[in-house]
Amino acid sequence: MITAERKPLDELIGYVRPYERILLVGCNECVTVCAAGGRKEVGLLASALRMSLLQGGKSIDIKEITLERQCDPEYMEELVAHIGGVDAIMSMACGCGVQEVARRFKDKPVFPAVNTKFMGASERQGVWAERCQGCGDCLLGLTGGICPIARCSKQLMNGPCGGSTKGKCEISPDVDCAWQLIWDRLKELGMTDRYEEIMPAKDWRTAGGGGPRKIIREDLAE
Amino acid sequence: MKTDSILEKVLTSGNLAVTSECGPPRGARPEVIKEKGELLKGIVDSVNVTDNQTAMVRMSSFAASIFLKQAGLNPVLQMVTRDRNRLAMQADIIGAYSHGINTMLCLSGDHPHFGDHPMAASVHDIDSIQFIQMVKAMRDEGKFQGGADIDNPPRMFIGAAANPFADPFELRVARLAKKVAAGVDFIQTQCIYNLDKFELWMEGVRARGLHKKCYILAGITPMKSVGMARYMKNKVPGMDVPDEIVERMARTPKEKQPEEGINICVETIERLKKVEGVAGFHIMAIEWEKKVPEIVERAGLLPRPQL
Amino acid sequence: MDNFEPVIVAFCCHYCAYTAADMAGSQRICYPANVKIVRVPCSGRVDAIHIMKAFENGADGVYVAGCLEGDCHFKNGNIKAARRVAYVRKMLDEIGLNGERLEMVLMSAGMGEHFAETARRITEKIRKLGPSPIKPAALSGAGVSRGAEAHT
């Protein structure tokens, strides 16, 4: 999923302070799963914002609504019924959702409530870790299912570097050395001769080096 | 001979090569580089110039190498993939070659986490092995990485680093094999304190004949104090300092520790001379360059061959 | 404020804390009327939003009372509750409400005296902290959400 973390409260209070009536929009997908911007988080944030502003003598009207997704225009239409009189929108979705809200409601200032972090997976309850950087040319079949671009701090395609220490990256004992993981997996799979095949220099165009990316499905697009 | 590199000449002649290193200054101070160079003249065959080492900004390796070249030394241009994409690297390589620099070291580079700009974006457009491939193709095929012809290709003697002491040990010979397959000409190892482990690595290297396909220079760094020994043992990733070394330094009275560090250094060189496959020594006396002449002399490596 | 009587909401788990409250009652051990008990099947039932709403509606202090460690009828509801309480305490600090107004306490069903003592201690603590800064506005109904959820 796309992971995110709620922004510090003082930053969010600063965003909404100038307004009288705001729409706080959550998302039922990724940000719900990582407990950053789903229905529950919308409720908590609205309560926190109200109580914070009340102390300054300001009574703010916060409408709470959680959409199925914010990255599909169809779901956005639900907001139309609630947009009347709203003078600003705060979205708890990832950066994709925030931008779609802004695109749909051009005359309302839109603020992000979370910092979108990375594409990752759940390691255990409450812990998510980066797994994919969307390089656009997946080579996981060659590396035992472990991504050297997302999980190696130097994105080495022919690692490990000389700093790998007891299975951990040189930058921190909390970060696994991706190439140790890859090597261990290749051993388990009996694919160790793969290791010495040199991976050639990567074409970064598919990774965004060629500009902002788009997918057009001829069979689906009108 | 693939290049005009003095280092290549010394190595191919069968002599033990000696290289050393100097770190450029943290400011626009050409005189610092020139002074370090003066200390090493006639003492070593080539001098590595580090490239933003430990991710701390210093005068660029390229600029510092030019000063050394002008002073009559043979610089080894170190270049890390952390700070430049393949365009900038190739541009710097043909630029450096145009200044007469013909020996270089292809490295990944320490992570910015360790340096004075942890907030910087790392590049890593290519890794060190792809880097070796790229420089080899520039030299031997006369082509840029993108495929176009180079007008007067740079004939670089290509080096890389090897660390027999990093984990996992079982991969360290295979990694050298990859660099050799990519086209590396010479290797400088991480500094050696654990001679047993180094010899074990060399066994693996020899078993695959890799010592015949590239020249391996053993890395040496003198200890200044027991504090330095402990620091290197505990705080530097990829460094293996056996307890005996630390204890030996600890037993020595403080004012005699630098001398003992040099003694250990010279003993290490003598022992490594006997290891088949060691083609020379790379002496990294970080911020202690003035001791290099003494080390080289006591290790019986002077005078340097004039070829 | 001389005659400030704190309003304190105590979420008490049925199996331990609430039973302890009952025991205090049957033993005629007095505890302050400031404490309004909300019975829940397990302290783990209490979510962050319940605590926030209590404050939004004018509570000066809140505490969540669960079973002693290892004794939770639902295995580890008390541990989850403790984590949530810690999370909300930080949030309260960030919005200027002072995390000290919120506490997690643990007790067993037989600890009637302890229940009463806790109620007294916390009441006094909140009395010293003073009324919640949003109280006047909260009690006048300004800004408090009632069914502000526009969509389920």
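Up top is the structure.
Residues numbered from 1 in each chain as written. Chains lettered and ligands numbered in written order. Predicted model: local features only at pLDDT ≥ 70, side-chain atom pairs only at ≥ 80, totals over all residues.

### Topic: the overall build of chain B
Each helix and strand counted, chain B has twelve helices and eight strands in total. Its C-alpha atoms give chain B a radius of gyration of 19 Å, within 12% of the compact-globule value 19 Å for 307 residues. Across its three principal directions, the C-alpha atoms of chain B cover 60 × 45 × 45 Å. Per-residue burial over chain B gives 52% buried out of 307 residues. Considering only contacts within chain B whose residues lie at least 6 apart along the sequence, 79% involve residues at least 24 apart. (Helix = DSSP H or I, 4+ residues; strand = E, 2+ residues; numbered from the N terminus. Rg over C-alpha atoms; globule rule 2.2 N^0.38 Å. Buried ≥ 20, exposed ≤ 12 C-beta atoms within 10 Å, placed from the backbone. Contact = placed C-beta atoms within 7 Å.)

### Things to note about the overall build of chain C
Of the regular secondary structure elements, chain C holds five helices and four strands. Secondary structure elements of chain C occur, N-terminal to C-terminal, as β-α-β-α-β-α-β-α-α. Out of the 152 residues in chain C, the part that is buried amounts to 46%. Expressed as a percentage of contacts within chain C between residues at least 6 apart in sequence, the contacts between residues at least 24 apart total 80%.

### Looking at the pairing of strand 3 (residues 61–67) of chain A
All names here are of chain A. Most of strand 3 is tucked away, with five of its seven residues classed as buried. Pairing between strand 2 (residues 21–27) and strand 3: seven bridges, direction parallel. Paired with Gly 26 across the two strands is Thr 66, which belongs to strand 3. (Pairing = 2+ DSSP bridges.)

### With respect to the arrangement of the chains
A comparison of contact numbers over the two pairs of chains in contact places chains A and B at the top. Between chain B and chain C there is no contact, and the shortest C-alpha to C-alpha distance separating them is 27 Å.

### Some points on the interface of chain A and chain C
Listed per partner, the contact involves 22 residues of chain A and 21 residues of chain C. Secondary-structure elements contributing two or more residues to the side of chain A that touches chain C are helix 1 (9–16), helix 3 (39–55) and strand 3 of chain A. Residue classes in the side of chain A that touches chain C are distributed as nine nonpolar, seven polar and six charged. (Nonpolar A, V, L, I, M, F, W, Y, C, P; charged D, E, K, R; others polar.)

### Looking at the sheet that holds strand 4 (residues 88–91) of chain A
Residues and elements named next belong to chain A. If you walk across this open sheet you meet the four strands as 3-2-4-5, and the pairing is parallel. Either end of the sheet is taken by a strand with one partner, and the two such strands are strand 3 and strand 5 (110–112). On average, adjacent strands in this sheet sit at an angle of 25° to one another, irrespective of strand direction. Relative to strand 5, helix 5 (residues 95–104) is tilted by about 175°, and along the sheet it contacts strand 2, strand 4 and strand 5. (Axes fitted to C-alpha atoms, helices over the stretch in contact; angles between N-to-C directions.)

### Considering helix 1 (residues 17–26) of chain C
Every buried residue of helix 1 of chain C is accounted for by Ala 17, Tyr 18, Thr 19, Ala 20, Ala 21 and Ala 24 of chain C. Residues of helix 1 of chain C that are buried make contact with strand 1 (8–13), strand 2 (35–40), strand 3 (61–66) and helix 4 (112–129) of chain C.

### Focus on the packing of helix 5 (residues 128–140) of chain B against helix 6 (residues 172–182) of chain B
All names here are of chain B. Running from amino to carboxyl end, helix 5 crosses helix 6 at an angle of 20°, the nearest separation of the two axes being 8 Å. With respect to each other, helix 5 and helix 6 are oriented roughly parallel. By crossing handedness, the relation of helix 5 to helix 6 is classed as right-handed. Taking contact as the criterion, the partners of Ile 129, Ile 132 and Gln 133 in helix 5 are, on helix 6, Lys 178, Lys 179 and Ala 182. Among the residues making up the contact of helix 5 with helix 6, the classes are represented as three nonpolar, one polar and two charged. (Parallel < 35°, antiparallel > 145°, perpendicular 65-115°, else oblique. Left-handed = near helix turned anticlockwise from the far one by under 90°.)

### Details of the nonpolar core
Grouped together as the largest cluster of nonpolar side chains are 91 residues, with contacts concentrated most on Met 104, Cys 106, Ile 132, Val 135, Val 184, Phe 186 and Ile 187 of chain B. At six residues, helix 5 of chain B tops the list of elements feeding residues into this core. Those residues within four positions of Ile 187 of chain B in sequence are excluded, and the remaining contacts are Gly 159, Ala 160, Ala 162, Leu 176, Cys 214, Ile 216 and Leu 217 of chain B. Cys 30 of chain A together with Cys 12, Ala 119 and Ile 134 of chain C belong to the second largest nonpolar core, which has 89 residues in total. (Core = buried A, V, L, I, M, F, W, Y, C linked by C-beta atoms within 7 Å.)

### Details of the packing of helix 6 of chain B against helix 7 (residues 195–207) of chain B
Residue and element names in this part refer to chain B. Running from N to C, helix 6 and helix 7 point in directions that differ by 45°, and their axes come no closer than 9 Å. It follows that helix 6 is oblique to helix 7 by the angle criterion. Considering the relative orientation of helix 6 and helix 7, their crossing is right-handed. Residues Arg 172, Val 173 and Leu 176 of helix 6 pack against Trp 201, Gly 204 and Val 205 of helix 7. A class-by-class count of the residues in the contact of helix 6 with helix 7 yields four nonpolar, one polar and one charged.

### Comments concerning the interface of chain A and chain B
The interface is formed by 24 residues belonging to chain A together with 27 residues belonging to chain B. Looking at the side of chain A that touches chain B residue by residue, the classes come out as eleven nonpolar, nine polar and four charged.

### Observations concerning the pairing of strand 3 (residues 75–80) of chain B
All names here are of chain B. With six of its six residues buried, strand 3 lies for the most part within the structure. The side-chain alternation of strand 3 yields two buried faces, one formed by Pro 75, Leu 77 and Met 79 and the other by Val 76, Gln 78 and Val 80. Pairing of strand 2 (residues 46–49) with strand 3, which is carried by three bridges, proceeds in the parallel orientation. Along strand 3, the bridge assignment pairs Val 49 with Leu 77. In this region the chain leaves strand 2, passes through helix 3 (residues 61–70) and returns to the parallel neighbour strand 3; the handedness of that crossover is right-handed. You can see the chain leave strand 3, run along helix 4 (residues 86–98) and come back into strand 4 (residues 103–107), and the turn it takes is right-handed. (Right-handed = clockwise from strand over helix to strand, strands pointing away.)

### Focus on helix 6 of chain B
All names here are of chain B. Along helix 6, eight of the eleven residues are buried, which leaves the element largely enclosed by surrounding structure. Taken as a whole, helix 6 has its buried residues at Arg 172, Val 173, Arg 175, Leu 176, Lys 178, Lys 179, Val 180 and Ala 182. In the core, the buried residues of helix 6 are packed alongside helix 5, strand 5 (157–162), strand 6 (186–191), helix 7 and helix 8 (210–213).

### Focus on unusual backbone geometry
The amide bond that connects Gly 159 of chain A to the next residue, Pro 160 of chain A, takes the cis arrangement and shows omega of -5°. Following the sequence through the fold, Pro 160 of chain A ends up in the loop between helix 6 (148–151) and helix 7 (178–189). The peptide bond linking Asp 167 of chain B to Pro 168 of chain B adopts the cis configuration, its omega dihedral lying at -15°. Looking at the secondary structure, you find Pro 168 of chain B in the loop between strand 5 and helix 6. Notably, Thr 54 of chain B is not glycine yet its phi reads approximately 50°, a positive angle.

### Observations regarding the sheet that holds strand 7 (residues 127–132) of chain A
Backbone-to-backbone hydrogen bonds join strands into a sheet, with any given pair of strands oriented parallel or antiparallel. Residues and elements named next belong to chain A. Ordered in space as 1-6-7, the three strands form an open sheet in which the pairing is antiparallel. Looking along the sheet, the strands with just one partner apiece sit at the ends: strand 1 (2–6) and strand 7. In this sheet, neighbouring strand axes are inclined to one another by 70° on average, regardless of whether the strands run parallel or antiparallel.

### A few points about the environment of Leu 106 of chain C
Residues and elements named next belong to chain C. Mapped onto the secondary structure, Leu 106 falls in strand 4 (residues 102–106). Spatially, the C-alpha atom of Leu 106 lies 16 Å from that of Ala 24, the residues being 82 residues apart in sequence. Residues within four places of Leu 106 in sequence aside, it is in contact with Gly 66, Cys 67, Leu 68, Glu 69 and Asn 78.

### Topic: the environment of Tyr 63 of chain C
All names here are of chain C. Mapped onto the secondary structure, Tyr 63 falls in strand 3. By C-beta crowding, Tyr 63 is classed as buried, having 24 other C-beta atoms within 10 Å. Taking C-alpha positions, Tyr 63 is 14 Å from His 114, a pair spaced 51 residues apart along the chain.

None of this, on its own, says anything about what the molecule does.
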